[in-house]
Amino acid sequence: GAGVSQSPRYKVAKRGQDVALRCDPISGHVSLFWYQQALGQGPEFLTYFQNEAQLDKSGLPSDRFFAERPEGSVSTLKIQRTQQEDSAVYLCASSMSGTGAYNEQFFGPGTRLTVL
Amino acid sequence: GENVEQHPSTLSVQEGDSAVIKCTYSDSASNYFPWYKQELGKGPQLIIDIRSNVGEKKDQRIAVTLNKTAKHFSLHITETQPEDSAVYFCAARYNAGNMLTFGGGTRLMVKP
């Protein structure tokens, strides 16, 4: 079956523009995560959904970052008024179960955002 | 919160040699430790994981060891092949939720 898909794969934005990044998790997966990966570094947690509920948004770097998963499936990460420091790869991951399980997180290919 | 340190940042080995990557974590409550392989332009892919009630796990050429007392875990790859060349990340699951805290990564280069 299909894995986690993300779109667009590449996005170039001018500083100050708003962007929206989409994640399609594996069908039926309850949990969905967003991570930010700066060049040459490990992914860093941004936010976590269990179905449509956003249970943890402690990693969002500022109030310019907003994520939603209204129907418990597709998720969108929105960044308002983009800044150069927002340039990174944004990774989405999904897993089958909710909090407390050891289950594997399956990652998408990421969206590479470049802010000029 | 959790903090994961990973060493070395780069590792170059000859084909057929072994490679070892080490990680330490800070939160004694962490209970799940996966290892991911990331190839250029792709997302991380799980290659092996270990839970805190297990000291060692092996899958063909790959093994992971965990020392809970010292709060460190290691990835061992034997008989390395050129296709093993990639960036490897260790991670720890902070007990408060399902989020993963990643190390900084190790770029492994296997020379033919």
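Look up: the structure comes first, before these words.
First things first, this report covers the structure right here in the doc.

Turning our attention to unusual backbone geometry. A cis amide bond links Ser7(A) with the next residue in sequence, Pro8(A), at an omega value of -10 degrees. With respect to the helices and strands, Pro8(A) occurs in the loop between β1 (5-7) and β2 (10-13). The omega angle of the peptide bond from His7(B) to Pro8(B) is -5 degrees, so this bond is cis rather than trans. Tracing the backbone shows Pro8(B) in the loop between β1 (4-7) and β2 (10-14). The backbone of Asn51(A) sits at a positive phi, close to 55 degrees, despite the residue not being glycine. Locating Asn51(A) in the fold gives a position in the loop between β5 (44-50) and β6 (53-56). Look at Asn51(A) and you get partly exposed, because its relative accessible area is 33%. You will see that Lys71(B), though not glycine, has its phi angle at about 55 degrees, which is positive. Positionally, Lys71(B) belongs in the loop between β7 (62-67) and β8 (72-77).

We now examine the pattern of salt bridges. When the charged atoms of two side chains with opposite charge come close together, those side chains can pair. Overall, the coordinates contain seven salt bridges over all chains when judged by the stated rule. In this structure, the salt-bridge partner of Arg22(A) is Asp24(A), at a minimum N-O distance of 2.7 Å. Here Arg64(A) and Asp86(A) are joined by a salt bridge, their closest N and O atoms 2.8 Å apart. Taken together, the positions of Arg64(A) in the loop between β6 and β7 (65-68) and Asp86(A) in the loop between β8 (75-79) and β9 (88-95) put the pair 22 residues apart, joining distant regions of the chain. Comparing Arg64(A) with Asp86(A) shows no difference in burial state: the two are buried. Shared partners join several salt bridges into a network, and the residues in it are Lys37(B), Glu39(B) and Lys42(B).

What counts and what doesn't
- Residues numbered from 1 in each chain as written.
- Chains lettered and ligands numbered in written order.
- Predicted model: local features only at pLDDT ≥ 70, side-chain atom pairs only at ≥ 80, totals over all residues.
- Heavy atoms only, no water.
- Helix = DSSP H or I, 4+ residues; strand = E, 2+ residues; numbered from the N terminus.
- Buried < 20%, exposed > 50% of the residue type's maximum accessible area, 1.4 Å probe, protein only.
- Salt bridge = Lys/Arg side-chain N within 4 Å of Asp/Glu carboxyl O.

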